[in-house]
Amino acid sequence: MPQVDALKKISLSIRLRGDPPPVGEHPARVDVTFICGIGREGITPFERRLAGRSVGDEIDLRVSAPEMGIFFEHLAPALAAVVGSRDAVHLDVRITGVEPADGREIVKAMAEMASQAEGRCGCGCGCG
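Enquirer: Provide a residue-level description of the overall build of the protein, including the pertinent values.
Expert: The helix and strand tally for the protein stands at 4 helices and 4 strands. The proportion of buried residues among the 128 residues of the protein is 38%. Accessible area for the protein stands at about 7100 Å²; split by element, carbon and sulfur atoms hold 51% of it.

Encoded structure:
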């Protein structure tokens with residue numbers, strides 16, 4: 001079974017634990033797909049927590065607001081919908097897909113990350 005590793009396409013289902021957000025504010029769950037290992041420093045702390053795991057594996061995360069930008073790095077904009085403006089979050093992360101990424105997907109993901117580095121993501125994560 002394929003495992004989470006650099007330059008693989010990873011799909012996750014991320015669910016907010018604890019009190020649900022007020023109706024209409026933020027979804028309690030988000031699905032995210034990304035290329036692993038293309039962060040500014042390579043693999044992000046979040047990706048390190050996923051490394052070596054396979055489809056169906058789940059992890060439990062607790063992250064405070066000051067750590068979110070560093071922990072999730074370029075993935076923070078994708079998670080902003082579920083995280084919202086909380087001081088801290090408790091997340092259930094389920095790996096729903098691990099597959100090889102083709103060259104085009106890697107280049108596209110790196111281009112998107114470069115636009116975030118230019119401050120265009122608007123997520124407030126500190127990635128710009």
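Enquirer: Go over the pattern of salt bridges with me, naming the residues and quoting the values.
Expert: One pass over the full model with this rule turns up 8 salt bridges. As a salt-bridge pair, Lys9 and Glu99 come within 3.7 Å of each other at their nearest N and O atoms. Here Glu99 lies in strand E4 (residues 88-100) and Lys9 lies in strand E1 (residues 8-16), a separation of 90 residues in the sequence. A salt bridge links Arg29 to Asp31; the nearest nitrogen and oxygen atoms lie 2.7 Å apart.

Enquirer: Lay out the packing of aromatic side chains with the relevant residues and their values.
Expert: Following the criterion strictly, the structure yields 3 aromatic pairs and no others. By way of ring pairs, the aromatic residues Phe46, Phe71 and Phe72 are connected into one cluster.

Enquirer: Pulling in residues and values, what's your account of helix H2 (residues 65-72)?
Expert: Three or four residues apart is the spacing at which side chains of an α-helix point the same way, because the helix has 3.6 residues per turn. Of all the positions in H2, only Met68, Gly69, Phe71 and Phe72 are classed as buried. Contacts from the buried residues of H2 go to helix H1 (45-50), strand E3 (58-64), helix H3 (76-83) and E4. Positive phi shows up at Glu73, right after H2, with a value of about 50°.

Enquirer: So what's going on with the environment of Ser54? Which residues, and what values?
Expert: For Ser54, the position within the fold is in the loop between H1 and E3. Given the relative accessible area of 10%, Ser54 is considered buried. Taking C-alpha positions, Ser54 is 9.8 Å from Asp5, a pair spaced 49 residues apart along the chain. In contact with Ser54, other than residues within four places in its own chain, are Met1, Pro2, Gln3 and Ile95. At 3.3 Å, the side chain of Ser54 and the backbone oxygen of Pro2 are in polar contact.

Each value, and the rule that gives it
- Residues numbered from 1 in each chain as written.
- Predicted model: local features only at pLDDT ≥ 70, side-chain atom pairs only at ≥ 80, totals over all residues.
- Heavy atoms only, no water.
- Helix = DSSP H or I, 4+ residues; strand = E, 2+ residues; numbered from the N terminus.
- Buried < 20%, exposed > 50% of the residue type's maximum accessible area, 1.4 Å probe, protein only.
- Areas by Shrake-Rupley, 256 points an atom, 1.4 Å probe, with all protein chains shown as cover.
- Salt bridge = Lys/Arg side-chain N within 4 Å of Asp/Glu carboxyl O.
- Phe/Tyr/Trp six-rings, centres within 6.5 Å; stacked < 30°, edge-to-face > 60°.
- Contact = heavy atoms within 4.5 Å.
- Polar contact = N/O pair within 3.5 Å; in protein donor to acceptor, adjacent residues only side chain to side chain.

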